[in-house]
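The lines below spell out each chain.
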Amino acid sequence: MAARVLRPLPRLKPFNRLQVILQHLKMSKQTDSTDEVLLEKRGGAAIITLNRPKVLNALTLSMIQQIYPQIKTWEQDPETFLIIIKGTGGKAFCAGGDIRAIADAGKVGDRLARDFFREEYILNNAIGTCKKPYVALIDGITMGGGVGLSVHGHFRVATEKTLFAMPETAIGLFPDVGGGYFLPRLSGKIGYYLALTGFRLKGRDVLKAGIATHFVESEKLPALEKDLIALKSPSTENIADLLNSYHVKSKVDQEKEFVLDEHMEKINSLFSANSMEEIVKKLKQDGSPFAIKQLETINKMSPTSLKMTLRQLREGASMSLQDVLMMEYRLSQACMRGHDFYEGVRAVLAAGRCEPYLGHTNPLQSAVLTDKDQSPRWKPAALEEVSDEFLDDCFKPLGNNDLKL
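Residues numbered from 1 in each chain as written. Predicted model: local features only at pLDDT ≥ 70, side-chain atom pairs only at ≥ 80, totals over all residues. Heavy atoms only, no water.

Novice: Explain the sheet that holds strand β8 (residues 163–165) to me, please; I cannot follow it from the model alone.
Specialist: The strands making up a sheet associate through hydrogen bonds between their backbones, and the pairing can be parallel or antiparallel. If you trace the four strands from one edge of the open sheet to the other, you get β4-β6-β8-β9, paired in mixed fashion. Two strands bound the open sheet, and with one partner strand each, they are β4 (92–94) and β9 (201–202). Bridge analysis of β8 against β9 gives two bridges, and the strand direction is antiparallel. Residue pairing across strands places Leu163 opposite Lys202, the latter belonging to β9. (Pairing = 2+ DSSP bridges. Helix = DSSP H or I, 4+ residues; strand = E, 2+ residues; numbered from the N terminus.)

Novice: What is the right way to read helix α15 (residues 321–337) from this model?
Specialist: Because an α-helix packs 3.6 residues into every turn, residues spaced three or four apart end up facing the same way. When the terminal C-alpha atoms of α15 are compared, their 24 Å separation across 17 residues agrees well with the 24 Å that a helix rising 1.5 Å per residue should span. Summarising burial for α15: 13 of the 17 residues are buried, a large majority. (Expected span 1.5 Å × (residues − 1). Buried < 20%, exposed > 50% of the residue type's maximum accessible area, 1.4 Å probe, protein only.)

Novice: Would you explain the packing of helix α12 (residues 276–286) against helix α13 (residues 289–298) in this entry?
Specialist: Working note: a packed helix pair is described by the angle between its axes plus the distance between those axes. Two numbers describe how α12 lies on α13: the axes approach to 8 Å, and their chain directions differ by 140°. Crossing of α12 against α13: the hand is left-handed. Contacts between α12 and α13 involve Met276, Val280, Leu283, Lys284 and Asp286 on the former and, on the latter, Ala291, Gln294, Leu295 and Ile298. Its residues placed into classes, the contact of α12 with α13 shows six nonpolar, one polar and two charged. (Axes fitted to C-alpha atoms, helices over the stretch in contact; angles between N-to-C directions. Left-handed = near helix turned anticlockwise from the far one by under 90°. Contact = heavy atoms within 4.5 Å. Nonpolar A, V, L, I, M, F, W, Y, C, P; charged D, E, K, R; others polar.)

Novice: Help me out: how do you make sense of unusual backbone geometry in this one?
Specialist: Peptide bonds are mostly trans, and most non-glycine residues show a negative phi. With omega at -5°, the peptide bond leading from Lys379 into Pro380 counts as cis. One can find Pro380 in the loop between α16 (340–350) and α17 (388–394). The phi dihedral of Val177 is positive, around 45°, even though this residue is not glycine. Locating Val177 in the fold gives a position in the loop between β8 and α6 (179–182). Classification of Val177 as buried rests on a relative accessible area of 0%.

Novice: What is the right way to read helix α14 (residues 303–316) from this model?
Specialist: The end-to-end C-alpha distance of α14, which contains 14 residues, comes to 20 Å, matching closely the 20 Å that a straight helix rising 1.5 Å per residue would cover. The element α14 is largely enclosed, with a buried count of 11 among its 14 residues. Among the residues of α14, Pro303, Thr304, Ser305, Leu306, Lys307, Met308, Thr309, Leu310, Gln312, Leu313 and Gly316 are the ones counted as buried.

Novice: Looking at this structure, how should I read the nonpolar core?
Specialist: As a rule of thumb, nonpolar side chains are buried together in soluble globular proteins. Within the largest apolar cluster, 95 residues are counted, with the highest numbers of intra-cluster contacts made by Ile48, Leu50 and Ile211. Among the elements that line this core, the one with the most residues is α15, at nine residues. In contact with Ile211, other than residues within four places in its own chain, are Val151, Arg156, Phe164, Phe182, Leu186, Leu194, Leu201 and Val206. Within the second largest apolar cluster, 17 residues are counted, among which are Ala45, Leu82, Leu137 and Leu242. (Core = buried A, V, L, I, M, F, W, Y, C linked by side-chain atoms within 4.5 Å.)

Novice: Looking at this structure, I do not really get the packing of aromatic side chains. What am I missing?
Specialist: One pair of aromatic rings is described through two measures. These are the centre distance and the angle between the planes. For the structure shown, the criterion picks out eight aromatic pairs. Of the aromatic side chains, those joined through ring pairs into one cluster are Phe116, Phe117, Tyr121 and Tyr329. For Arg185, the ring lying beneath its charged end belongs to Tyr181, and the centroid distance is 3.9 Å. In this structure, Arg311 is placed above the aromatic ring of Phe395, and the distance from its NZ or CZ to the ring centre is 4.3 Å. (Phe/Tyr/Trp six-rings, centres within 6.5 Å; stacked < 30°, edge-to-face > 60°. Lys NZ or Arg CZ within 6 Å of the ring centre and 35° of its normal.)

Novice: Help me out: how do you make sense of the sheet that holds strand β7 (residues 155–158) in this one?
Specialist: Strand order across the open sheet formed by six strands is β1-β2-β3-β5-β7-β10, with mixed pairing between neighbours. The outermost strands of the open sheet, each flanked by one partner alone, are β1 (37–42) and β10 (214–215). As judged from the two bridges shared by β7 and β10, these two strands associate in the parallel manner. Considered in β10, the bridge of Ala158 is made with Phe215.

Novice: Whenever I open this one, the pairing of strand β2 (residues 45–50) confuses me. Can you help?
Specialist: In regular strands, side chains alternate between the two faces of the sheet. In terms of burial, β2 is largely enclosed, as six of its six residues are buried. Side-chain alternation along β2 places Ala45, Ile47 and Thr49 on one buried face and Ala46, Ile48 and Leu50 on a second face that is also buried. Hairpin connection, β1 to β2: the antiparallel pair is bridged by two residues, and Gly43 has positive phi, about 60°. Summarising the sheet, β2 and strand β3 (residues 82–87) pair through six bridges and their orientation is parallel. The residue bridging Ala46 from the neighbouring strand is Ile83, located in β3. You can see the chain leave β2, run along helix α2 (residues 61–76) and come back into β3, and the turn it takes is right-handed. (Right-handed = clockwise from strand over helix to strand, strands pointing away.)

Novice: Please clarify how the packing of helix α7 (residues 190–197) against α13 should be interpreted in this entry.
Specialist: Running from amino to carboxyl end, α7 crosses α13 at an angle of 45°, the nearest separation of the two axes being 9 Å. Relative to α13, the element α7 lies oblique. Each of Tyr193, Leu196 and Thr197 in α7 lies in contact with α13, whose residues at this interface are Phe290, Gln294, Thr297 and Ile298. Looking at side-chain class alone, the contact of α7 with α13 contains four nonpolar, three polar and no charged residues. (Parallel < 35°, antiparallel > 145°, perpendicular 65-115°, else oblique.)

Coordinates in, geometry out; function isn't part of it.
Next up, the structure:
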């Protein structure tokens, strides 16, 4: 059960009204630490707290089903002026979706493999279209589904503890939750590079890449949250001004160069190719230490996922968020019908590196899932064997089963 949200009291007879008030006060004080997600109002601010710290706030279907209707309610509430989302535990905002449960469901044809993606993408769209200012405090690990809960909102506040990645190609998936929308819109070919290699950005680099909108020291977040709640007239402009005031005072890594700066020319050139085969060819021809490192990473990823992802981003670059999410739902179901997703999860679990879902791998270890004795056996095993016809089938409409937004 989620923490209760205070709602207007109904008009009742005096005795009944007293009972309701007492019950209402009792419920409003309940913040059960076992709740997966806490939903509450403080003044004009609505606050969503992801509360599974032991598994880095991994997202479950139950959490999605609690968050979505509450966002829609707050959006219509004239006394709710902004929405804040954060995670508990100090290590993660949200490391992704509960991937093990999805894999187990998909193997036996359970509807969770359909429902999770469908409802997650509907929530991503609700965040992307939310009429109330939406502030995500992405402190700590922010991967996969955690990116979907934050990146489409108005404001994303990174800290020195933020660790961002979309490492789906390493597990037979693709960077979903609207990745096809926001990744190709990052400057140059950064988004393509992040999507295909699963490269991890840390701290201020998340801001410099264009994923976060602000940077604030982690220890200042409680004060920032308090000031957000205390805003007298929390318009989008006033919220931006408050975030900016914290942002300009944050000195951590301020002078540090963007981690990809020295490689941007190569990234923009090498990852601008029209096909994965051409990207690989360019990397081989380049031969620099940077290119060789990317080649080694790409060679460990699912060939099907790589080709699917490149096409997803190229098509998504000119689509609306809604059309991208509809496309990604089709791709999610193609992955559920296929081989590589289950094989990728098997390899991660066998390697002992997967909690329910830690951004597809333990993000405190390597960004690459495999090792010599626990490596996934992809089918097809080579890029050349993933045909255009097969890809066309993955992108085909699902008729009555298509995502409806």
